[in-house]
Amino acid sequence: MAPPKLLGMASNGLGDYLRSRRGQVTPAHVGLPADGLRRVSGLRREEVALLAGMSVDYYTRLEQG
């Protein structure tokens, strides 16, 4: 069976996993202040990168493949 296609590109398994987990963790779960409204539930990329000790650019590249 061929891997699923996303907008004409091959799916990024690691990116899919990271996005799904990021969406399930709230700032309160990791001790961060909830600062106003969010477009989506879960942590922002900047917050995950901060907690992981890596740059936002590197984390974004991991998610985007």
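Preceding this paragraph is the structure being described.
On a predicted model such as this, the values are computed, not experimentally measured, just so you know.

A.B. asks: I'd love a proper account of the packing of helix 1 (residues 13-24) against helix 3 (residues 56-64), names of residues and values included.
C.D. replies: With their axes 6 Å apart at the nearest point, helix 1 and helix 3 run at an angle of 115° to one another. On helix 3, the residues that touch Leu14, Gly15, Leu18, Arg19 and Arg22 of helix 1 are Tyr59, Leu62, Glu63 and Gln64. Of the residues that constitute the contact of helix 1 with helix 3, the class distribution is four nonpolar, two polar and three charged.

A.B. asks: So what's going on with the nonpolar core? Which residues, and what values?
C.D. replies: Of all hydrophobic cores here, the largest spans five residues; its members are Leu18, Leu43, Val48, Ala49 and Tyr59. With residues up to four places along the chain from it excluded, the contact list for Leu43 reads Arg22, Val25, Thr26, Pro27, Val30, Leu32, Arg38, Val48 and Leu51.

A.B. asks: Tell me what's going on with the packing of helix 2 (residues 45-52) against helix 3, and back it up with residues and numbers.
C.D. replies: Running from N to C, helix 2 and helix 3 cross one another at 110°; their axes reach a closest spacing of 9 Å. Classified by the interaxial angle, the pair formed by helix 2 and helix 3 is roughly perpendicular. Both helix 2 and helix 3 take part in a crossing whose hand is right-handed. For the pair helix 2 and helix 3, contact is made by Arg45, Glu46, Val48 and Ala49 and by Val56, Tyr59, Thr60, Glu63 and Gln64, respectively. When the residues that make up the contact of helix 2 with helix 3 are grouped by side-chain class, the tally is four nonpolar, two polar and three charged.

Definitions and limits used
- Within any chain, residue numbers begin from 1 and follow the written order of that chain's sequence.
- The predicted nature of this model means local features are confined to residues of pLDDT at least 70 and side-chain atom pairs, given and counted, to a pLDDT of 80 or more, with totals for whole chains, interfaces and linings taken over all residues.
- With hydrogens and water excluded, all non-hydrogen atoms of the structure serve as input to the side-chain values.
- As a rule, the C-alpha atoms of each element are fitted with a line to give its axis, helices using only the stretch in contact, and angles between N-to-C directions run from 0 to 180 degrees.
- In this text, helices come from DSSP runs of H or I with a minimum length of four residues, and strands from runs of E with a minimum of two, each type numbered from the N-terminal end.
- The contact criterion used is simple: two residues touch if any of their non-hydrogen atoms lie within 4.5 Å.
- Under the scheme applied, nonpolar residues are Ala, Val, Leu, Ile, Met, Phe, Trp, Tyr, Cys and Pro; charged residues are Asp, Glu, Lys and Arg; polar residues are all the others, including Gly.
- Throughout this description, the term nonpolar core refers to a set of buried Ala, Val, Leu, Ile, Met, Phe, Trp, Tyr and Cys residues connected via side-chain atoms within 4.5 Å.
- Each residue is assigned to one of three classes by its accessible area relative to the maximum for its type, calculated with a 1.4 Å probe on protein chains only: buried under 20%, partly exposed between the two thresholds, exposed over 50%.
- Angles are sorted into four bins: roughly parallel if under 35 degrees, roughly antiparallel if over 145, roughly perpendicular if 65 to 115, and oblique for all others.
- Handedness of a crossing is defined here by the sense of rotation of the near helix relative to the far one, left-handed for an anticlockwise turn of less than a right angle and right-handed for a clockwise turn.

Nothing here speaks to function; it is all geometry.
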